[in-house]
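Now for the letters of each chain:
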Amino acid sequence: QVQLVESGGGLVQPGGSLRLSCAASGRSFGSYAMAWFRQAPGKEREFVAAIHSSGDRLRYANSVNGRFTISSANARNTVFLQMNSLKPEDTAVYYCAAGATGSYYYTSVRRYDYWGQGTQVTVSS
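Cut-offs and rules
Residues numbered from 1 in each chain as written. Predicted model: local features only at pLDDT ≥ 70, side-chain atom pairs only at ≥ 80, totals over all residues. Heavy atoms only, no water. Pairing = 2+ DSSP bridges. Helix = DSSP H or I, 4+ residues; strand = E, 2+ residues; numbered from the N terminus. Axes fitted to C-alpha atoms, helices over the stretch in contact; angles between N-to-C directions. Salt bridge = Lys/Arg side-chain N within 4 Å of Asp/Glu carboxyl O. Core = buried A, V, L, I, M, F, W, Y, C linked by side-chain atoms within 4.5 Å. Buried < 20%, exposed > 50% of the residue type's maximum accessible area, 1.4 Å probe, protein only. Contact = heavy atoms within 4.5 Å. Phe/Tyr/Trp six-rings, centres within 6.5 Å; stacked < 30°, edge-to-face > 60°.

*Asks:* Tell me about the sheet that holds strand E8 (residues 78-83), and please be specific about residues and values.
*Replies:* Here four strands make up an open sheet; going across it, the order is E1-E3-E8-E7 and the pairing antiparallel. Of all strands in the sheet, those bounded by a partner on one side alone are strand E1 (3-7) and strand E7 (68-73). On average, each strand axis in the sheet is inclined to that of its neighbour by 15 degrees, with strand direction left out of account.

So, in structure tokens, the structure goes:
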């Protein structure tokens, strides 16, 4: 059974940092694209960042580029999202997702097959 489990969310002040983790199990994710999405209250789930199955290609949403960094370990069975210079508008539930290699080239939630349960990130003073 495929499982993606996120951790590391919490409450942080504006300008602060958090590191999210996603532990993937149930199969080898070495040939999968891995991504982070987020969903704020009343809004649609949106793309944040993705890492190619090769591990050497990364992409980011414009809103987080330069502040967030996606990385992976254990052949994509663990994925991280380092979030720096956090802003109140980053407040959302953050989801880890896995999809076929080609999913990396898309930002649509429909391109990803497996999802975690989400972890809450709140940026507030």
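*Asks:* An account of the pattern of salt bridges is requested, with residue identities and associated values reported.
*Replies:* Within this structure, the stated rule accounts for three salt bridges. Between Arg67 and Asp90 there is a salt bridge, with its nearest N and O atoms 2.8 Å apart. Residue Arg67 is found in the loop between strand E6 (58-60) and E7, and its partner Asp90 is found in the loop between E8 and strand E9 (92-99); the two are separated by 23 residues along the sequence. Shared partners join several salt bridges into a network, and the residues in it are Arg38, Glu46, Arg67 and Asp90.

*Asks:* Describe the nonpolar core, listing the residues and the values that go with them.
*Replies:* Ranked by internal contacts, the top residues of the largest apolar core, which has 36 residues, are Met34, Trp36, Leu81, Met83 and Tyr94. Elements supplying a minimum of two residues to this core: strand E3 (18-25), strand E4 (33-39), strand E5 (46-51), E7, E8, E9 and strand E11 (119-123). Contact partners of Leu81, with chain neighbours within four places excluded, come to Leu18, Arg19, Leu20, Trp36, Val48, Ala49, Phe68, Thr69, Ile70 and Tyr94.

*Asks:* Explain the packing of aromatic side chains to me, and be specific about the residues and the numbers.
*Replies:* By the definition in use, this model includes six aromatic pairs. On the basis of an interplanar angle of 90 degrees and a centroid distance of 5.2 Å, the ring pair of Tyr104 and Tyr105 is categorised as edge-to-face. Of the residues examined, Tyr105 reaches a relative accessible area of 45% and is grouped as partly exposed. Clustering of aromatic rings is evident, with ring pairs tying together Phe37, Phe47, Tyr112 and Trp115.

*Asks:* Talk me through the pairing of E8; I want residue IDs and the actual numbers.
*Replies:* Taken across its six residues, E8 has five buried, putting it largely inside the fold. As judged from the six bridges shared by E3 and E8, these two strands associate in the antiparallel manner. Counterpart to Arg19 in the pairing with E8 is Gln82. Pairing of E7 with E8 involves six bridges; the strand directions are antiparallel. Note that in E8 the partner of Ala73 across the bridge is Thr78. In this structure, the hairpin formed by E7 and E8 is closed by a connection of four residues, where Asn74 is found at a positive phi of approximately 55 degrees.

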